[in-house]
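Below, each chain spelled out in residue letters.
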Amino acid sequence: MKVYNTLSRKKEEFKPINDKEVRIYSCGPTVYNFAHIGNLRTYVFMDMLRRVLEYNGYTLKHAMNITDVGHLVSDEDEGEDKMLKGAREQKKTPWEIAEYYTDIFMKDIKALNIEIPEIVPKATEHIPEMLDFVTGLMDKGYGYETSDGIYFDIEKFQGYGKLSRANLEEQIAGARVEVNEEKHHPADFALWKKAPKEHIMQWPSPWGMGYPGWHIECSAMGRKYLGDVFDIHTGGVDHIPVHHENEIAQSEALLNRPAVNYWMHGEFMMVNNGKMSKSLGNTYTVGDLRSKGFDPLAFRYMCLNAHYRNKLNFTWEVMQAAQVSYDRFVEGALSHKDGTETVDSAVVSEFLSNFEDAVNDDLNIPKALGIAWNAVRYGKKSQQIFELLTRMNRILGFDLTKKTEANEPELSPEIQKLVAERQQARTEKNWKRSDEIRDELKAMGVVVEDTPAGPKVKFI
Ligand code: AMP
Ligand code: ZN
């Protein structure tokens, strides 16, 4: 199996530290709001990696953290903690919003058939491990104290910038104008922040009450659960220049050797070829996909159709096309289930070996999906093909047990009549009548969702 290592900028043969078990760390969500579809694309990539490794016979020890403290509004450690800002805006405590959005995140990733990593540690439950890490760095002379925290001295670490291949001058140029005057270098980053009295989340430390820096969280939790050295670290490409660069500096400074063998990064999801941002109102959620009548697994299909190292541009038209293709794929696969024709076993093996070659070539899932499509479209209806597709589906992760969520069920004439009447009432803006019919349908166990493609009917 080959994977692209951001550190070497090369596809490398994957060799795990232990023959059988692969240890992975994935940067998890900051739980101050809903995960958007861009975030979720990165977790679909993480899931592809998991599934391909499992397919190859490895067992996994995989940790994905929940960031519930310390991720400041700017990744360069400026501004307020996102959790506190989110809590204030939503008039809740940071713990309440953390619990609420963690729960929704877990449901979202389940809806996308993303396998949940074996270990899901919360930052707030690992403060002692983080303090231990910071103390270790202080003892070795890599940290220094200022009036507002403990900072990592990047000039003391040979090799700062090796992941992003940026030099220190570029880091200075890239650093924000209003730099903290007490920092030795503008790109020095916070290991620990001192908390003013009114700061809600704070813990005792050798430097008074405070809270951890975001970067130390991942290094400390990774080390606790995966050991000093582990195989793979994943995240989105935005983490390369700051967050992961800082993780590398901290870990190598403490251990005198690299902690991670392969760094893998998923490219961004764009919207209408632009950035996804709250202010543009284009950060869609799984709930938004559902409310427009799309099956979350059709979104998964859309992600699988693009290589994880290429940008993926989201538009509702692309989503609609993905839904249509996904429906056809599932329907096509199911059409083989009771097939009685026989297929030459050499044909089946060739499909499978081409599929395996593609997934093992740095997760070339779009190519693998194309091969699965060729099997779906194969000229004979055969259970052997269905078995083959089921095997491929260990990686693709679709639902081949039933027609898709978005498919319309068979409707009785009575229900069809009511749905048409409701549509007519809506056209006439007769909301009272349309609500009455909705209630009548509900009593019959049917819900109607209005989508751009017209009403979609589901049984409850
Ligand atoms: P956060 O919750 O902000 O810590 O981000 C969670 C994950 O989503 C990180 O791995 C980010 O790199 C990733 N991410 C953020 N925005 C996007 C995007 N537009 N497309 C793909 N991944 C993203
Ligand atoms: Zn991280």
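Going by the structure above, here's the rest.
Report follows, based on the coordinates. Source: prediction; values computed, not measured. (Residues numbered from 1 in each chain as written. Chains lettered and ligands numbered in written order. Predicted model: local features only at pLDDT ≥ 70, side-chain atom pairs only at ≥ 80, totals over all residues. Heavy atoms only, no water.)

Further remarks concern the coordination of the zinc ion (ligand 2). Each protein donor to the zinc ion (ligand 2) is listed here as C27 (SG), C218 (SG) and H243 (NE2); together their distances run 2.0 to 2.2 Å. Along the chain, the residues that donate to the zinc ion (ligand 2) are spaced as C-x190-C-x24-H. On the criterion of sequence distance, the pair formed by C27 in the loop between β3 (21-26) and α1 (37-55) and C218 in helix α6 (residues 214-226) is long-range, its members being 191 residues apart. (Donors = N, O, S within 2.8 Å, 3.2 Å for Na, K, Ca; no water. Helix = DSSP H or I, 4+ residues; strand = E, 2+ residues; numbered from the N terminus.)

This next bit is on the nonpolar core. Grouped together as the largest cluster of nonpolar side chains are 79 residues, with contacts concentrated most on L53, F299, F314, F329, L363 and L396. With eleven residues, the single largest contributor to this core is α1. No fewer than three residues from each of domain 1 (2-266) and domain 2 (271-406) sit in this core. Setting aside anything within four residues of it in sequence, one finds L396 in contact with M48, R300, L304, F329, F355, I365, L369 and A372. Listed in part, the 45 residues of the second largest apolar core include L163, M201, I240 and I248. (Core = buried A, V, L, I, M, F, W, Y, C linked by side-chain atoms within 4.5 Å. Buried < 20%, exposed > 50% of the residue type's maximum accessible area, 1.4 Å probe, protein only. Domains from an automatic or database assignment. Contact = heavy atoms within 4.5 Å.)

Turning to the side chain of H126, a few remarks are in order. Along the chain, H126 turns up in the loop between α3 (94-111) and α4 (127-139). In this view, H126 contacts P121, M221, K224 and Y225; residues no more than four positions away in its chain are not counted.

Among the 17 residues in the neighbourhood of ligand 1, the closest are listed as T30, G38, T42, D238 and M269. Within the contact set of ligand 1, an oxygen atom lies 2.9 Å away from a backbone nitrogen or oxygen of T30. One nitrogen or oxygen atom from the main chain of M269 is found 2.8 Å from a nitrogen atom belonging to ligand 1. Protein coverage of the free-state accessible area of ligand 1, which is 500 Å², stands at 92%. Counting only elements with at least two residues in the shell around ligand 1, the list comes to α1 and β11 (230-236). Looking at the shell around ligand 1, the element that brings in the most residues is α1, giving four residues. Tallied by class, the residues present in the shell around ligand 1 amount to five nonpolar, ten polar and two charged. (Near = heavy atom within 4 Å. Polar contact = N/O pair within 3.5 Å; in protein donor to acceptor, adjacent residues only side chain to side chain. Areas by Shrake-Rupley, 256 points an atom, 1.4 Å probe, with all protein chains shown as cover. Nonpolar A, V, L, I, M, F, W, Y, C, P; charged D, E, K, R; others polar.)

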